[in-house]
Amino acid sequence: MRKVLYKMPESLTGKEFTYCPGCHHGIIHRLVAEVIDELGIREKTLVVAPIGCSVFAYQFFNMDGTIAPHGRAPAVATGMKRARPDLYVFTYQGDGDLAAIGTAEIMHAANRGEKITTIFVNNAIYGMTGGQMAPTTLLGMKSTTTPYGRKAENDGYPMHMCEFLKEARGVAYLARTKVNTPQDVEKTKKAIKKAFLAQVKGIGFGMVEVLSTCPTNWGIDPISANKWLEENMIPEYPLGVFVDKVGDEK
Amino acid sequence: MAKVMVKGTEAIGEAAIRAGCRHFFGYPITPQSELPEYMSKRLPEVGGVFLQTESEVATVNMLYGAACTGKRVMTSTSSPGFSLMMEGVSYMACAKLPAVFVNVVRGGPGLGDIQPAQGDYWQATKGGGHGDYRLIVLAPSTVQEAVDLTVLAFDLADKYRTPALILADGMLGQMMEPVEFPEFRDLSTLPDHSDWALTGAKGREPHIVTSFDIDPYVLEKMNLELVEIYKEIEKNEVRWEEYKTEDADIVITAFGTVARIAKSVVDMAREDGLKVGLFRPITVWPYPYEPLEKLADKVEMFFDVEMNMGQMLEDVKLAVKGKKPIKFYSRMGGVVPTPNEIYDALKKEIGR
């Protein structure tokens, strides 16, 4: 008898993703869905989609959900969780959403130890609006609003959200990962699982920052984008676990 | 139930709890901070949740999230705070989320002052947030009415799946009056929202609450659904009060606190033999255009009194349709006119 090795997670609807070729959103979506399946919490989970490329996340995840206004997903999730503490709530946010317009909301949700989970996808650029500078854009990096390259004296420095958030005492799990190699995909899945477990176990706020590519707006092919991420983003955004109050699974 | 002396803001808070509200998100701003303070003390006593937010922007989005679960939710603020909430109000209106907002209006625009004013009428009744939407807007003129309208606001919000707004002002928020509270609503009797609320997709297709669709034809359909809801509200929920209008030659139009002062003016004028009456919209949206137009067929003139530059005046003109002259008197910046002052202005208009 043949054994099923790989199938569509129940937590995905199966609707075709709308992401560009080479973009990592699809991989990250799948990992989140697999984790929710493995925890057996799909029927008790609410998704809060953001604005930006992942605005359609609510169509891809097979669960109740909504779309938050720009940057406000952590506040929306807070309201949900406070009203229904028996449910699990996660936000899925890009760098423009989380690190620019929504900085206050993520900082305060984390600091309150809000029992929600945040998946933060950092591709160092604004995707859906067409490649403008993000708070996470690297110094010297060209975007449609930094045509001469990002300059610290004019545009400030790349935002390191994990480094900021690790000081917040309400944080239960915080890690930065990437998904540009199979090994990294596995590590990211483990991190996402821990971020959800922080909520399931009622410890506090959990977030995984996943470094991601944007071949379309970076103006390079998907393979070069993976290499570019490795060579340019990793020195600026070192991977690692910043906070872990969840502990190892038995 | 016996009457108790309560401050306006606290009376609204207690009314909300009795109406079944167990979730309050808010941020302090004068002159309404006693309302979140009251809720912070009272909600834990009834198994509810109070959360002091980091900003009004976060407030309205927490309200959005909590409303998504189908619960009765509320916030209160004052003018600059309500401006900050406008983004979320627009989202909630489009996403068809019931919630109750309280705006205890203060002097404006800008930082303004902390005294009573009515300068947020346009924002409340004509928009404020982006896009085509409406809010049910209730304008109490006494603390008792604030209590009654708060309960009504929750019921209407639930019935029509739309945010409702209590448009008060700093005077109503800060004054103490004897009020009678309604009985506690049995939470199990509250409207069932299980057909759309986010409760976990167990044994059913997922529910999606959205204010968005990328397809203009689908979004237009969503817009038209809202239009239908608003037509229903306009048909069923117009509320107003008339005072001594049966034989009136002159009708004062006013809402909220000023309407209450205008009532004294009516009595003063009546003592002098002048046939003056009062028309007070209770819902400022939907606006009572038709009853006001009916008065226009009977009376000689209208005298509109507001604590703004004449914002409701535009609705009075729409109702009166040029049939009779409309005079206007106002104080602004948080200045509350006295009955004598308004009466003098009225007498001046009619040459008395």
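Just so it is clear, the structure is predicted and the values come from calculations on it, not from any experiment.

1. Section: the overall build of chain A
And step 1. Along its length, chain A carries ten helices and seven strands.
And step 2. Computed over C-alpha atoms, the radius of gyration of chain A comes to 17 Å, within 12% of the 18 Å expected from 2.2 N^0.38 for 250 residues, which places it in the range of a compact globule.
And step 3. Taking the principal axes of the C-alpha coordinates as reference, chain A spans close to 50 × 50 × 30 Å.
And step 4. When the 250 residues of chain A are sorted by exposure, 58% land in the buried category.
And step 5. For chain A, long-range pairs separated by at least 24 residues make up 68% of all intrachain contacts whose partners lie at least 6 apart in sequence.
And step 6. Total accessible area computed for chain A in this model is approximately 10300 Å², and 55% of it derives from carbon and sulfur atoms.
And step 7. Computed over 29 positive and 26 negative side-chain charges, the inter-centroid distance for chain A is 4 Å.

2. Considering the domain arrangement of chain B
Residue and element names in this part refer to chain B.
And step 1. The assigned domain composition of chain B is domain 1 (4-237) and domain 2 (241-350).
And step 2. Between the C-alpha centres of domain 1 and domain 2 the distance comes to 28 Å.
And step 3. Summing the contributions of domain 1 and of domain 2, the shared interface buries around 2500 Å²; its carbon and sulfur component is 56%.
And step 4. For domain 1, the biggest contributors to the area lost against domain 2 are Gln 118, Tyr 121 and Trp 122; these three give 31% of the whole.
And step 5. One can count three salt bridges joining domain 1 with domain 2.
And step 6. Salt-bridge contacts for Lys 126 lead to Asp 315; the nearest nitrogen and oxygen are separated by 2.8 Å.
And step 7. One can count 16 residue pairs in polar contact (both at pLDDT 80 or more) joining domain 1 with domain 2.
And step 8. If you list the elements that add at least two residues to the side of domain 1 that touches domain 2, you get α5 (121-126), β6 (136-138), α6 (143-160), β7 (163-169), α7 (170-174) and α8 (216-236).
And step 9. Of the residues forming the side of domain 1 that touches domain 2, the biggest block, four residues, is contributed by α5.

3. Let's talk about the sheet that holds strand β10 (residues 240-243) of chain B
Residue and element names in this part refer to chain B.
And step 1. Reading across from one edge, β10-β12-β11-β14-β15 is the order of the five strands in this open sheet, with mixed pairing throughout. Either end of the sheet is taken by a strand with one partner, and the two such strands are β10 and β15 (326-330). Between one strand axis and the next, the sheet turns by 20 degrees as a mean value, whatever way the strands run.
And step 2. Each of β11 (250-253), β14 (301-306) and β15 touches helix α11 (residues 313-320); the most contacted strand, β15, lies at about 165 degrees to it.

4. Regarding the sheet that holds strand β5 (residues 171-178) of chain A
And step 1. In spatial order, the strands read β7(A)-β5(A)-β6(A)-β4(A)-β3(A)-β1(A)-β2(A)-β9(B); together these eight strands make up an open sheet with mixed pairing. The sheet terminates laterally at β7 (240-244) of chain A together with β9 (208-209) of chain B, the two strands that pair on one side only.
And step 2. Relative to strand β2 (residues 64-67) of chain A, strand β1 (residues 45-49) of chain A runs parallel, the two being bridged by four bridges. Note on β2(A): the bridge partner recorded for Ala49(A) is Ile67(A).
And step 3. Against the sheet, helix α3 (residues 73-83) of chain A contacts β1, β2 and β3 (88-94) of chain A, and its axis sits at roughly 175 degrees relative to β3(A).
And step 4. Most of the contacts of helix α8 (residues 182-200) of chain A go to β5(A), to which it runs at about 165 degrees, and overall it touches β3, β4 (117-122), β5, β6 (205-211) and β7 of chain A.

5. Quick notes on the interface of chain B and chain A
By a widely used convention, the size of an interface equals the accessible area lost when the partners come together.
And step 1. Tallying the contact residues gives 34 residues for chain B and 30 residues for chain A.
And step 2. Here chain B meets chain A over a buried area of about 2600 Å², counting both sides, of which 61% is carbon and sulfur.
And step 3. Across the contact surface, chain B and chain A share three salt bridges.
And step 4. The partner of Arg72(A) in a salt bridge is Glu87(B), with the nearest N and O atoms 3.2 Å apart.
And step 5. Along the contact surface separating chain B from chain A lie 15 residue pairs in polar contact (both at pLDDT 80 or more).

6. Concerning α3(A)
And step 1. When you tally the buried positions in α3(A), you get ten out of eleven residues, the bulk of the element.
And step 2. Among the residues making up α3(A), those that are buried are Ala73(A), Pro74(A), Ala75(A), Val76(A), Ala77(A), Thr78(A), Gly79(A), Met80(A), Lys81(A) and Ala83(A).

So, how was this worked out
- Residues numbered from 1 in each chain as written.
- Chains lettered and ligands numbered in written order.
- Predicted model: local features only at pLDDT ≥ 70, side-chain atom pairs only at ≥ 80, totals over all residues.
- Heavy atoms only, no water.
- Helix = DSSP H or I, 4+ residues; strand = E, 2+ residues; numbered from the N terminus.
- Rg over C-alpha atoms; globule rule 2.2 N^0.38 Å.
- Buried < 20%, exposed > 50% of the residue type's maximum accessible area, 1.4 Å probe, protein only.
- Contact = heavy atoms within 4.5 Å.
- Areas by Shrake-Rupley, 256 points an atom, 1.4 Å probe, with all protein chains shown as cover.
- Lys, Arg positive; Asp, Glu negative; His and termini not counted.
- Charge placed at Lys NZ, Arg CZ, Asp CG, Glu CD.
- Domains from an automatic or database assignment.
- Buried area = accessible area lost by both parts, 1.4 Å probe.
- Salt bridge = Lys/Arg side-chain N within 4 Å of Asp/Glu carboxyl O.
- Polar contact = N/O pair within 3.5 Å; in protein donor to acceptor, adjacent residues only side chain to side chain.
- Pairing = 2+ DSSP bridges.
- Axes fitted to C-alpha atoms, helices over the stretch in contact; angles between N-to-C directions.

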